[in-house]
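# Analysis of the macromolecular model
So you can see what is in the structure, the chains are spelled out below.
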Amino acid sequence: MHQASEQSIPTQCTVLIIGGGPAGSSAATFLAQSGIDVVLLEKQAFPRNQVGESLIPHFWKFADLLGVTEKIKAEQFVIKSGGIFAWQDKVRQVKFAEFGYDRPGLHVERDRFDHILLEHAKSIGVSVITEVIVKRVDFSNSELPTVFYTDKRGDTNRESKIRCRYIIDASGHSSFLASQLGTRQTISSELKFLSLWGYYRNSRYLGVDRACHTPDQIQQQLPVTFVMSFSDGWIWHIILRESTSVGLVVHNDKTRGMDKAQRELFFKQTCAEVPYLRELLRDAEFIEDSLQFRPDYSYYSTQICGENYYCIGDAAAFVDPIFSHGVQNAFYNASISTIAIKESLKNPRQRARYSQLCESRMQQFYGFSRALSLGDYGINGVNRELVKPLMKTLPPLELELIYLISQVTNRSENFIQLAQETGVWNSFAEQHIERLTENIHLDFS
Ligand SMILES: Cc1cc2nc3c(=O)[nH]c(=O)nc-3n(C[C@H](O)[C@H](O)[C@H](O)COP(=O)(O)OP(=O)(O)OC[C@H]3O[C@@H](n4cnc5c(N)ncnc54)[C@H](O)[C@@H]3O)c2cc1C
């Protein structure tokens, strides 16, 4: 195994990982736990900014497998018990505990959270090298592909290469490998969304008691992730330890032609006008220069695994963050792709088979996730016959939770159709769902 070193990049390794976000760092850890020699190249210096601060309780089981649970707990991120959704004319609350989760969700500063994961990977022997940009992969030698990179550390700009047996592309929304291989597909034009998000100081928040609180009360009254629809799309409000993340998800056309200043104006005006949100931000101050913008982020890939490569996390697909499941998807795909790689290393003659199995499992998972996120918009690029068996394997409470969230955000059409076609619909506790979707009252006094 390589010594963790920021000084030298080896010329050969067993697995080369592109990107040090949750997908890359967790894949690296899973492999290093089995004594596999892993090099991870990350283009930015860590900690680095990242959006996606709301984590659902599902992620804990992966944190346990990674052995990083205690490090995450020690950080004392904000604990949340669920969400409140103000969608069109209804307000509904979702509590994870009602669905059998005995551990909470979290609101995390992603720069900090992702850094903990990357440091953890290093601590068990992964060679993590930051400020190195992967430029191209040459697959002409399928046993030992070559990865070309630029080392940006210091004042240098050195071009070099490393050979490896397997590549994991965890490069996030840039979808490095899918772009090189031409397998990246954009979602059809009417489904193109963008996000604008920024940070406020001193925002009030909604507690699990459905009342509005000042930030100093966060230890006494746990917050929820607050999601609301508005005329142009939807909005999140996520309180963190020192600030609050507020994001708009709108159609691409909405900000077409706007420059940076105009986008900021649109963002601030929307935040000041939308009911509930304007109440929460009443005494808050926008943190200057905190506005960020991610245009046109909906895509998927027609092939995500090959004999010697695996695309995981956002590098494979992304549609809409309404379910807050990006990070847990990244962990899930890291876990199954690394099982495939470990088995392939033990039995190289079967590597095509492991890769095909993984392809089919990941396409099933991403397809289901895309069908849910798109909801009433259709089922862009999803293979229904592949996705349906997954529904049959999900525990009833998990299906109820997914159904509930898709229903309160008015995007349950795909879920209902798939559930009816697979016959899992009958197992639903309709009354349970009805009680959970009662309209609630929010107290802003
Ligand atoms: C608007 C929005 C809101 C979201 N909200 C949530 C949420 O509330 N909860 C949630 O769970 N998820 C959310 N997500 C999704 C979540 O942010 C992602 O799913 C998650 O970060 C994916 O992790 P990853 O490791 O695949 O990619 P990333 O976290 O993007 O990491 C990829 C890394 O690869 C590096 N990289 C890229 N190219 C190269 C290269 N060529 N060479 C070397 N390194 C490279 C990048 O620098 C980066 O550090 C949201 C996403 C968006 C767009």
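Residues numbered from 1 in each chain as written. Predicted model: local features only at pLDDT ≥ 70, side-chain atom pairs only at ≥ 80, totals over all residues. Heavy atoms only, no water.

## Let's talk about the packing of helix 2 (residues 59-66) against helix 8 (residues 326-346)
For any two helices packed against each other, the geometry is given by the interaxial angle and the distance between the axes. Spelled out, the test is: To get an axis, fit a line to the C-alpha atoms, keeping to the stretch in contact for a helix; angles then go from 0 to 180 degrees between the N-to-C directions. Secondary structure elements follow DSSP: runs of H or I no shorter than four residues count as helices, runs of E no shorter than two count as strands, and numbering proceeds from the N terminus. Note on terminology: angles under 35 degrees are roughly parallel, angles over 145 are roughly antiparallel, angles of 65 to 115 are roughly perpendicular, and the others are oblique. Each crossing gets its hand from how the near helix is turned against the far one by less than a right angle, where anticlockwise is left-handed and clockwise is right-handed. We call two residues contacting when some pair of their heavy atoms lies within 4.5 Å. In this classification, Asp, Glu, Lys and Arg are treated as charged, Ala, Val, Leu, Ile, Met, Phe, Trp, Tyr, Cys and Pro as nonpolar, and every other residue, Gly included, as polar.
Across the interface, helix 2 lies against helix 8 with an axial gap of 9 Å and an inter-helix angle of 45°. Between helix 2 and helix 8, the angle is such that the two are oblique. For the pair helix 2 and helix 8, the crossing hand works out as left-handed. On helix 8, the residues touching F59, K61, F62 and L66 of helix 2 are Q328, F331, Y332 and S335. Taken together, the residues of the contact of helix 2 with helix 8 sort by class into five nonpolar, two polar and one charged.

## Some remarks on the pattern of salt bridges
So the rule is basically this: Between Lys or Arg on one side and Asp or Glu on the other, a salt bridge is scored when a side-chain nitrogen of the former is within 4 Å of a carboxyl oxygen of the latter. Per-residue accessibility, obtained with a 1.4 Å probe over protein chains only, is compared with the maximum for each type, and a residue is labelled buried under 20%, exposed over 50%, and partly exposed between these values.
Taken as a whole, this structure holds 24 salt bridges when the rule is applied. Residue R103 is joined to D64 by a salt bridge in which the shortest nitrogen-to-oxygen separation is 2.6 Å. Note that R103 is positioned in the loop between strand 6 (90-95) and strand 7 (105-107) and D64 in helix 2, a separation of 39 residues in sequence. Given a relative accessible area of 29%, R103 falls into the partly exposed group. A cluster of three or more residues bridged by salt bridges with shared partners is formed by E75, E109, R112 and R241.

## Side note on the pairing of strand 1 (residues 12-18)
To keep it simple, the criterion reads: The definition of a right-handed crossover adopted here requires that, viewed with the strands pointing away, the path from the first strand over the helix to the second runs clockwise.
Burial analysis of strand 1 places six of its seven residues in the buried class, the great majority of the element. Running through helix 1 (residues 22-33), the crossover from strand 1 to the neighbouring parallel element strand 2 (residues 38-42) is right-handed.

## Some points on empty space enclosed by the protein
Worth spelling out the cut-off: For cavity detection a 1 Å grid was placed over the protein atoms alone, and a set of points counts as a cavity when a 1.4 Å probe fits there but cannot get out; an open set counts as a pocket when protein lies on both sides within 12 Å along at least five of seven lines, with lining residues being those that have an atom within 4 Å of a point. Grid points are joined across faces, edges and corners, and a volume is the space filled by probe spheres set on the points.
This model, assessed by the stated rule, comprises one cavity of 30 Å³ or more. Of the pockets and cavities examined, the largest cavity occupies roughly 130 Å³. In terms of lining, the largest cavity is formed by 13 residues, of which the most central are A317, F318, V319, N329 and S369. Secondary-structure elements contributing two or more residues to the lining of the largest cavity are helix 8 and helix 9 (351-374). Here the element with the most residues in the lining of the largest cavity is helix 9; it accounts for four residues. Its residues assigned to classes, the lining of the largest cavity shows four nonpolar, six polar and three charged.

## Some words on the site of the ligand
Selection criterion: Here a residue counts as near a molecule or strand whenever at least one of its heavy atoms sits within 4 Å of it. Any pair of nitrogen or oxygen atoms within 3.5 Å is treated as a polar contact; in protein, a donor-acceptor pairing is required on top of that, and neighbouring residues in sequence qualify only through side-chain atoms on both sides. Each accessible area value is a Shrake-Rupley result obtained with a 1.4 Å probe; residue values ignore everything except the protein chains displayed when judging cover.
Around the ligand, a shell composed of 36 residues is seen, among which E42, Q50, S54, R110 and D314 lie nearest. Within the contact set of the ligand, an oxygen atom lies 2.9 Å away from a backbone nitrogen or oxygen of A23. Between an oxygen atom of the ligand and a main-chain N or O atom of V51, the distance comes to 2.8 Å. Within the complex, 96% of the 1000 Å² of free accessible area of the ligand lies under protein. At the level of elements, helix 1, strand 2, strand 9 (132-138) and helix 8 are the ones that each hand at least two residues to the shell around the ligand. Looking at the shell around the ligand element by element, the count peaks at three residues for strand 9.

## A look at the confidence of the model for the protein chain
To keep it simple, the criterion reads: A score between 0 and 100, pLDDT records how confident the predictor is in each residue.
In this model, the protein chain carries a mean pLDDT of 92, and residues with pLDDT of at least 70 account for 96%. A low-confidence stretch, residues 1-5 (pLDDT under 50), is modelled with 16 contacts involving residues beyond four sequence positions or located in other chains.

## Things to note about the nonpolar core
So the rule is basically this: What we call a nonpolar core is a set of buried Ala, Val, Leu, Ile, Met, Phe, Trp, Tyr and Cys residues that are connected through their side-chain atoms within 4.5 Å.
With 76 residues, the main nonpolar core has L16, I17, L41, F59, I72 and F113 as its most contacted residues. Once you skip the residues sitting within four places of it in the chain, F113 turns out to touch L55, F59, I72, F77, V108, V327 and F331.

## Topic: helix 12 (residues 413-422)
Put simply, the test is: The arc in question is the one spanned by the directions pointing from the helix axis to the C-beta atoms.
The set of residues buried in helix 12 consists of N414, F415, L418, A419 and T422. One face of helix 12 carries all of its buried residues, which in axial projection span an arc of 125°. Elements in contact with the buried residues of helix 12: helix 9, helix 10 (384-393) and helix 11 (396-408). At the C-terminal side of helix 12, G423 shows a positive phi close to 80°.

## With respect to the sheet that holds strand 7
Filter applied, for reference: By this definition, two strands are paired if DSSP reports at least two bridges between them.
Across the sheet, which stays open at both edges, the three strands sit in the order 3-7-4 with antiparallel pairing between neighbours. Every interior strand has two partners, whereas the edge strands, strand 3 (54-55) and strand 4 (78-80), have only one. Sheet topology places strand 3 next to strand 7; two bridges connect them, and they run antiparallel. When the sheet's bridge partners are listed, L55 is paired in strand 7 with L106.

## Looking at the layout of surface pockets
Roughly 380 Å³ of volume is contained in the second largest pocket. Q76, F77, V78, I79 and Q219 are the residues nearest the centre of the second largest pocket, which is lined by 19 residues in total. Secondary structure elements with two or more residues in the lining of the second largest pocket: helix 3 (69-74) and strand 4. In the lining of the second largest pocket, the residues fall into 13 nonpolar, two polar and four charged.

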